Amino acid sequence: MKHRHPSIVWCLAAALSILVSSLAPGRADDNIRIQEEVWALPLPLPLPMFAYVARPVGGGPFPLAIMNHGVSLKPVDRSFFPLVEFRDAAKWFAKRGYLVVAPVGTGYGAAAIDIPEHGLYGPFFSKVGNCTNPNFHDAGRAVAQVDLWIIDYMVAEKRVLPRDVIVIGQSAGGWASIALSSANPPQVKAIITFAAGRGGRVDGKPNNNCAPDKLVEATADFGRTSRVPMLWFYIENDTFFGPALSKRMHEAFTGAGGRAEYHLMPPFGSEGHFFIGSPDTIPMWSPLVERFLDAQK
């Protein structure tokens, strides 16, 4: 009997897919049905990387949206890390025709307690070093490299359009997205960040940042070569990267030549840093995102 060898990604996708018929707010196409899946991505990493995927039902190819999550420095927190932090936001993009890939850092979930930290390019992409001399640059570039691998893989699979990619990132994932912009990958037409940064809340203390001046300097360094159109969201009651720091980062980035539209959103809940994770915020950010993306066409 002839035996086929489909990729592990599509085997898992078929096994774990869930059809969703709910509608998203805004200018969604109400005729688009969304399929949610879990994939195992065959990337050049020491451990498998799983990803939450939301996409329109059908064969595509679709424009690709990559969504980068934040990091946790505590193994116990990593062990309880959800499959996707921003499922409703991912579905919002899928409802607009994007194939959304939200990679979950290897070592998150149940494996987190069992796998030790292996440094900057290890499972957690968490290391920035000592606060007296943090390596913010490479911590961002590590995840940015994962994004490039995902783009290459998805294009090779012919499920996405090769030059119609957007990247969305939250917190450390947003910082990685800023780092990615400095490389100006030709496939990426736009980048959107929510509460982007590294080194927030040192020792769990609010508004206690690890070397904020060096974070601003690193942001300027990325801005010197970045030319990808970007949309930055920060939130007034974010205790990781507050308004004063985020405004300094934006001024440094654009002053160095980067292209970023900045929006400071009103306070949300008890901690604005997790703004993107709530479905209640979609009506707040979605009109700005739609306008921004329309401008890139």
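Refer to the structure presented above.
Here we summarise the structure given alongside this text. (Residues numbered from 1 in each chain as written. Predicted model: local features only at pLDDT ≥ 70, side-chain atom pairs only at ≥ 80, totals over all residues. Heavy atoms only, no water.)

Within the protein one finds 8 helices and 9 strands. The burial tally for the protein puts 56% of its 297 residues in the buried class. Within the protein, contacts between residues at least 6 apart in sequence are counted, and of these 72% link residues at least 24 apart. For the protein, the accessible surface area stands at approximately 12900 Å², while carbon and sulfur atoms represent 56% of it. (Helix = DSSP H or I, 4+ residues; strand = E, 2+ residues; numbered from the N terminus. Buried < 20%, exposed > 50% of the residue type's maximum accessible area, 1.4 Å probe, protein only. Contact = heavy atoms within 4.5 Å. Areas by Shrake-Rupley, 256 points an atom, 1.4 Å probe, with all protein chains shown as cover.)

Before going further, it helps to spend a moment on the nonpolar core. Counting residues in hydrophobic clusters, the biggest one holds 49 residues, and the most contacted among them are Leu64, Leu99, Val101 and Met154. Sorting elements by how many residues they give to this core places helix α4 (residues 136-156) first, with 8 residues. Core analysis: the next-biggest nonpolar cluster, separate from the first, contains 33 residues, Ala90, Phe93, Trp285 and Val289 among them. (Core = buried A, V, L, I, M, F, W, Y, C linked by side-chain atoms within 4.5 Å.)

Per the stated rule, a full pass over the model turns up 10 salt bridges. Across the salt bridge formed by Glu271 and Arg201, the nearest N and O atoms sit 3.8 Å from each other. Note that Glu271 is positioned in the loop between β9 (260-265) and α8 (282-295) and Arg201 in the loop between β7 (188-194) and α6 (212-225), a separation of 70 residues in sequence. Judged by relative accessible area, which is 15%, Glu271 ranks as buried. In this structure, Lys297 and Asp294 form a salt bridge, with 3.3 Å as the shortest nitrogen-oxygen distance. (Salt bridge = Lys/Arg side-chain N within 4 Å of Asp/Glu carboxyl O.)

Across the junction of Gly60 and Pro61, the peptide omega takes the value 5°, indicating a cis bond. By the element assignment, Pro61 lies in the loop between β3 (49-56) and β4 (62-68). With phi around 60°, Lys158 is a residue other than glycine that occupies positive phi space. Position of Lys158 relative to the elements: it lies in the loop between α4 and β6 (160-170). Residue classification places Lys158 among the exposed positions, given a relative accessible area of 65%. Residue Asn184 is not a glycine yet carries a positive backbone phi of 50°.

With 7 of its 8 residues buried, β3 lies for the most part within the structure. Where strand β2 (residues 34-41) meets β3, 8 bridges bridge the pair, whose relative direction is antiparallel. The residue bridging Gln35 from the neighbouring strand is Arg55, located in β3. Pairing geometry for β3 and strand β5 (residues 99-104), over 5 bridges, is antiparallel. Opposite Phe50, over in β5, you have Val104 as the bridge partner. (Pairing = 2+ DSSP bridges.)

This brings us to the state of the cysteines. Here a disulfide denotes a covalent bond joining the sulfur atom of one cysteine to the sulfur atom of another. This structure, assessed with the given rule, holds 1 disulfide. For Cys131, the disulfide goes to Cys210, at an S-S distance of 2.0 Å. Between Cys131 and Cys210, the S-S dihedral sits near -135°, and the bridge is therefore left-handed. Of this pair, Cys131 sits in the loop between β5 and α4 while Cys210 sits in the loop between β7 and α6, and the two are 79 residues apart along the sequence. (Disulfide = S-S within 2.5 Å.)

Each packed pair of helices is defined by two parameters, the angle between the axes and the distance between the axes. Contact geometry of helix α3 (residues 87-94) with α8 gives a least axis separation of 12 Å together with a crossing angle of 35°. For the pair α3 and α8, the crossing hand works out as right-handed. Residues Asp88, Ala89, Trp92 and Phe93 of α3 form the contact with α8, whose participating residues are Ile282, Trp285, Ser286, Val289, Glu290 and Leu293. Its residues placed into classes, the contact of α3 with α8 shows 7 nonpolar, 1 polar and 2 charged. (Axes fitted to C-alpha atoms, helices over the stretch in contact; angles between N-to-C directions. Left-handed = near helix turned anticlockwise from the far one by under 90°. Nonpolar A, V, L, I, M, F, W, Y, C, P; charged D, E, K, R; others polar.)

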